[in-house]
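# Fold and geometry: a report
This is what each chain is made of:
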Amino acid sequence: MYIVMITPECAPAAKVGGLADVVYGLCHELEIRGNTVEIILPKYDCMRYDHIYGLHIVYNDLWVPFYEHWVHCSVFFGFVHGRSCFFIEPHSEKNFFHRGILYGHGDDPERFAFFCRASLEFMLKANKHPDIIHCHDWQTGLVPVLLFDMYRNYGMTHPRVCYTLHNLGHQGVTGESILRAVGLNRPDYYLHPDRLRDDFNPSAVNLMKAGIVYSNFVTTVSPSYAGEIQHSHLSYGLGHTLFIHGQKFGGVLNGIDYDVWNPEIDPHIPYRYGIDTIGDKYGDKEALRHRLLLQQVYKPIVSYIGRLDHQKGVGLIRDAIFYCLSHGCQFVLLGSSTNQGINNDFLNLKHHLNNDPDCHLEIGFDEELSHLIYAGSDMMIVPSLFEPCGLTQMIAMKYGTVPVVRATGGLLDTVFDANYSHRPYHERNGYVFNDFNYKGIESALQRAIGMWYSYPQHFRELMVNGMRYDFSWNHPGQHYQNIYEYIRDK
Ligand code: ADP
């Protein structure tokens, strides 16, 4: 099959969070299965250009209609660790993708609406007629609308669209002028509750809803989250739409790419190890301490890697830091936020804990350091308010690091409590708490830390159980292949 991904992120070149890893890993798997896969991305100024090979212009005169004007664009091609990627660069005074960050601007809906129109215009001009267009999150929600209501009339009759919801906390709710911007010139038609009208704000367009309504199939990133967003407040208003379109909706658990996340071959860690050589993990623990100037003592290292966002439980992360430091642990954090207030809170905390030889907070984004933290830690916390899938707990387990997580979304589908799970002992792989408050996380940490100190042999079994799980793209890759074939043949 011929598949085109239209996406705002692809690891490691343009990455904010898990969406980037998912696009990269899924494309890799689909290629292994014999498909032809191409990826279309914005050409951000702040990409990791050192991860893009052979970047060159392939199309110099793409003209994209936007409002009453035509925007001149160049299209580049390059390989991101073997994946074929096209990058669209608009030349306009608005500098849509020259902003120093991927997201966080007031005109984000406009920036990505432009990206949707430009992607389709590029495909039309380049004569690309894939079997499947796979879009991701609100940023690309207008693609199926434009394809089926506009570009079909220009001859793009072949492609079917699969749309993946990575996080319903961000839906792209914006004014109706966005419709005119991309050439959908019937606002009354589109602002109908069965189409793009936001369910909370009758004068607003909901770009994620657009993707759900117009795509041939909709997935989200774990079975538990699929249930939660159909039946609870975690849908943030899209539950009714998902209910109506329930026949074409399902949850597919994300995978992780074991060519990237694998302690046996990881080039970013000084000691490589697997289940049979798990003792070598302690070399990485020492290296992590050395790198972050932590003291070498007999204590477990508890860590957090991720966006610093209310969704991720920033209050509980803060609480966990103090709990761990006062209960015989070291703590390492690697994270950043698009919210300056949250960033400042953690920078102040870092300042406060500066002289503590058991703690290091790294406020920023550092892909290479993250590998060493996964390898060098004993436990990793994921205390999310909600978590569509979550990759950090799966990566942690591959590195023999025991996850301590809240019972929500994909965390429920991947982490099984050492004490309370109904699964057999050899399938238990971490610690799970229910209540989203400090008592919840502290009780789970207490059990985990107690096990590490008092029953090291049992703790090691948990580590090995986690390492044995297969969270690769093998199964989800087959699921997506089935979905693509189903909508192609329908
Ligand atoms: P989300 O998609 O909600 O951000 P996930 O758990 O699905 O969360 O994916 C997070 C991904 O981003 C993981 O690969 C994680 O290692 C990475 N990551 C998050 N924050 C950072 C950071 N500050 N530095 C390096 N990697 C990070």
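Further up the page is the structure itself.
In this report, we go over the structure that sits alongside the text. (Residues numbered from 1 in each chain as written. Predicted model: local features only at pLDDT ≥ 70, side-chain atom pairs only at ≥ 80, totals over all residues. Heavy atoms only, no water.)

### Side note on the overall build of the protein
Along the protein, the regular secondary structure elements total 17 helices and 17 strands. Taking the principal axes of the C-alpha coordinates as reference, the protein spans close to 70 × 45 × 45 Å. Each of the 490 residues in the protein was classed as buried or not, and the buried ones make up 60%. A sequence separation of at least 24 residues applies to 72% of the contacts in the protein between residues at least 6 apart. Only carbon and sulfur atoms are counted for the fraction: they give 51% of the accessible area of the protein, which is about 19,100 Å². Each charge class in the protein can be summarised by its mean position, and for the 39 positive and 52 negative side chains these summaries are 2 Å apart. (Helix = DSSP H or I, 4+ residues; strand = E, 2+ residues; numbered from the N terminus. Buried < 20%, exposed > 50% of the residue type's maximum accessible area, 1.4 Å probe, protein only. Contact = heavy atoms within 4.5 Å. Areas by Shrake-Rupley, 256 points an atom, 1.4 Å probe, with all protein chains shown as cover. Lys, Arg positive; Asp, Glu negative; His and termini not counted. Charge placed at Lys NZ, Arg CZ, Asp CG, Glu CD.)

### Focus on the sheet that holds strand β15 (residues 379–382)
Taken in spatial order, the 6 strands make up an open sheet running β14-β13-β12-β15-β16-β17, and their pairing is parallel. Two strands in the sheet have a free side with no partner beyond their single neighbour: β14 (359–363) and β17 (431–433). Sheet twist, expressed as the mean angle between neighbouring strand axes with direction ignored, is 15°. Packed onto the sheet, helix α12 (residues 367–376) meets β12 (301–307), β13 (330–336), β14 and β15 and runs at close to 145° relative to β12. (Pairing = 2+ DSSP bridges. Axes fitted to C-alpha atoms, helices over the stretch in contact; angles between N-to-C directions.)

### So, the site of the ligand
With respect to spatial proximity, 21 residues lie near the ligand, and among them G18, D21, R307, G364 and Y374 are the closest. Between G364 and the ligand, the recorded distance is 2.8 Å, taken from a backbone N or O atom to a nitrogen atom. Between the ligand and T392 there is a distance of 3.4 Å, counted from an oxygen atom to a backbone nitrogen or oxygen. In the complex, the protein chains occlude 93% of the 570 Å² of accessible area that the ligand would expose alone. Only α1 (18–32), β12, β13, α12 and α13 (392–398) provide two or more residues apiece to the shell around the ligand. Lining the shell around the ligand are residues from two domains, each supplying at least three of them: domain 1 (2–255 + 474–488) and domain 2 (275–468). (Near = heavy atom within 4 Å. Polar contact = N/O pair within 3.5 Å; in protein donor to acceptor, adjacent residues only side chain to side chain. Domains from an automatic or database assignment.)

### Quick look at the nonpolar core
L142, L165, I321, F331, I381 and L445 are the most contacted members of the largest nonpolar core, which has 173 residues in total. When residues in this core are grouped by element, the largest group, 9 residues, is from helix α2 (residues 108–125). Residue contributions to this core reach at least three from each of two domains, namely domain 1 (2–255 + 474–488) and domain 2 (275–468). Non-local contacts of I321, meaning those with residues more than four positions away in its chain, are made with F331, L333, F346, L349, L353, C359 and L361. (Core = buried A, V, L, I, M, F, W, Y, C linked by side-chain atoms within 4.5 Å.)

### Some words on α1
Taking 1.5 Å as the rise per residue, α1 with 15 residues should run 21 Å; its terminal C-alpha atoms sit 21 Å apart, in good agreement. With respect to burial, α1 is a largely interior element, 12 of its 15 residues being buried. Those residues of α1 that sit buried are L19, A20, D21, V22, V23, Y24, G25, L26, C27, H28, E29 and L30. Where α1 is buried, its residues meet β1 (2–6), β2 (36–42), β4 (69–80), β5 (83–91), β6 (132–136) and α17 (474–489). After α1 finishes, the residue G34 shows a positive phi value of roughly 95°. (Expected span 1.5 Å × (residues − 1).)

### Describing the pattern of salt bridges
Inspection of the entire model under this criterion finds 23 salt bridges. Residue E121 is joined to K125 by a salt bridge in which the shortest nitrogen-to-oxygen separation is 2.7 Å. Within this pair, E121 and its partner K125 are both found in helix α2, separated by 4 residues, close to a single helical turn. A network of salt bridges, in which partner residues are shared, links K15, D21 and E367. (Salt bridge = Lys/Arg side-chain N within 4 Å of Asp/Glu carboxyl O.)

Spatial relationships are all this shows, so hold off on functional conclusions.
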